[in-house]
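Fold and geometry: a report
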Amino acid sequence: MTRFACAGIAVLEFESAQPSVVKSIKQRDLLNTWLRLYARDQSLPRMNEYQPARMEDELPDLVFYTVNTSMQPPRLTIESNGTRMSSAYGNTGKGRYLDDYLGARLAPIVMPVYYECIARGLPAYTIANIDDIYGRIVAYERLLLPFSDDGNVTHIIASLKTISEDGGFEIKNLMRGSDQLPAPKLRTIIDRDLVHRAPGRIPSGDVLEFG
């Protein structure tokens with residue numbers, strides 16, 4: 001595990017993980033596109049290179065950020081706001097700093113995930129459980145993908161998925177409507193097996209047997 005800390009922000013632990021840790025098929029597709037670009041020379045891809053299939057279908061669950069690493073801690077500016085995120089947080093955040101948008105209650109538990117993604121220059125994946133206004137448990141799955149235009153992380157794309165085993169749930173004010181803070185269930189940096197494998201591809205070294 002690795003640790004990352006900033007002034008006024010809690011120290012959190014992150015597990016080392018493979019791409020297979022990501023549960024959502026759509027998030028896995030987004031990650032695989034990033035991995036294909038990263039695998040060319042083991043360096044961060046540029047934002048303008050990133051063109052996953054069916055990107056438009058995912059836009060309601062995506063948030064785009066610009067990153068200013070000349071400040072410590074880095075400042076992230078929300079450049080777009082997925083409609084579902086706006087509903088979950090109760091208002092739009094476009095043009096605002098992410099830490100200001102989250103507020104004093106949520107920033108200490110959310111910002112370290114972004115800071116670790118920036119510090120490592122690798123994807124971050126987390127799962128947290130949240131109760132909606134009716135007490136139904138909702139799993140909040142976050143995938144962060146870093147990009148660079150100058151060697152440092154300059155952009156991040158966040159894919160945010162909400163899933164409930166109870167079926168339906170109320171997304172409006174999901175992140176702010178409960179007295180309880182989101183309960184972390186998984187916090188990882190994807191730093192192992194960073195090679196995209198197309199579906200059905202057989203890893204080199206595997207032995208094939210024919211009957």
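How each quantity is defined
Residues numbered from 1 in each chain as written. Predicted model: local features only at pLDDT ≥ 70, side-chain atom pairs only at ≥ 80, totals over all residues. Heavy atoms only, no water. Salt bridge = Lys/Arg side-chain N within 4 Å of Asp/Glu carboxyl O. Helix = DSSP H or I, 4+ residues; strand = E, 2+ residues; numbered from the N terminus. Buried < 20%, exposed > 50% of the residue type's maximum accessible area, 1.4 Å probe, protein only. Core = buried A, V, L, I, M, F, W, Y, C linked by side-chain atoms within 4.5 Å. Contact = heavy atoms within 4.5 Å. Phe/Tyr/Trp six-rings, centres within 6.5 Å; stacked < 30°, edge-to-face > 60°. Lys NZ or Arg CZ within 6 Å of the ring centre and 35° of its normal. Expected span 1.5 Å × (residues − 1). Polar contact = N/O pair within 3.5 Å; in protein donor to acceptor, adjacent residues only side chain to side chain. Pairing = 2+ DSSP bridges.

**Details of the pattern of salt bridges**
Enumeration over the complete set of coordinates arrives at 10 salt bridges. Among the salt bridges present, the one from Asp-149 reaches Arg-46, with a minimum N-O distance of 3.7 Å. Of the two residues, Asp-149 sits in the loop between strand 6 (137-147) and strand 7 (155-163) while Arg-46 sits in the loop between helix 1 (25-38) and helix 2 (55-58), which places them 103 residues apart along the sequence. Note on Asp-149: relative accessible area 34%, which makes it partly exposed. On the basis of relative accessible area, Arg-46 is assigned to the partly exposed category, the value being 39%. A salt bridge links Arg-75 to Asp-100; the nearest nitrogen and oxygen atoms lie 3.5 Å apart. With a gap of 25 residues between them, Arg-75 in strand 4 (residues 75-78) and Asp-100 in helix 4 (residues 98-120) connect regions that are remote in the sequence. In this structure, a network of salt bridges that share partners links the residues Lys-26, Glu-58, Asp-61 and Lys-161.

**A look at the nonpolar core**
Generally speaking, soluble globular proteins have nonpolar side chains that are buried together. Counting residues in hydrophobic clusters, the biggest one holds 52 residues, and the most contacted among them are Trp-34, Tyr-50, Tyr-65, Leu-76, Leu-98, Tyr-114 and Ile-156. Here the element with the most residues in this core is helix 4; it accounts for 12 residues. Beyond its immediate sequence surroundings of up to four residues, Ile-156 is in contact with Val-63, Phe-64, Tyr-65, Val-67, Leu-76, Tyr-114, Cys-117, Ile-118, Leu-144, Leu-145 and Pro-146.

**Description of the packing of aromatic side chains**
Inspection of every chain in the model, using the stated rule, returns three aromatic pairs. An angle of 75 degrees between the planes, with centres 5.3 Å apart, marks the rings of Tyr-65 and Tyr-114 as edge-to-face. Within this pair, whereas Tyr-65 is found in strand 3 (residues 62-68), its partner Tyr-114 is found in helix 4, the two being separated by 49 residues in sequence. Take Tyr-114: its relative accessible area is 2%, and that puts it in the buried class. Here Arg-75 stacks its cationic end above the ring of Tyr-97, 3.7 Å away from the centre of that ring. Between Arg-187 and the ring centre of Phe-14, over which it is positioned, the NZ or CZ distance is 6.0 Å.

**A closer look at helix 1**
Over its 14 residues, helix 1 extends 20 Å from the first C-alpha to the last, a length consistent with the 20 Å expected when each residue adds 1.5 Å. Buried residues in helix 1 make contact with helix 2, strand 3, strand 5 (124-131), strand 6, strand 7 and strand 8 (183-190). Where helix 1 starts, the residue carrying a side-chain oxygen 3.3 Å from the main-chain nitrogen of Lys-26 turns out to be Ser-24.

**Considerations on the pairing of strand 8**
In summary, the side chains of a regular strand alternate between the two faces of the sheet. With three bridges joining them, strand 2 (residues 12-17) and strand 8 adopt parallel strand pairing. Across the sheet, residue Ala-17 finds its bridge partner in strand 8, namely Ile-190. Where strand 5 meets strand 8, six bridges bridge the pair, whose relative direction is antiparallel. By the bridge assignment for strand 8, Ala-128 is matched with Pro-184.

**Things to note about the side chain of Ser-148**
With respect to the element layout, Ser-148 can be found in the loop between strand 6 and strand 7. For Ser-148, a relative accessible area of 6% translates into the label buried. Looking at Ser-148, its side chain comes within polar contact range of the main-chain oxygen of Asn-152, at 2.5 Å. With sequence-adjacent residues up to four places away left out, Ser-148 is seen in contact with Leu-44, Pro-45, Arg-46, Val-153 and Thr-154.

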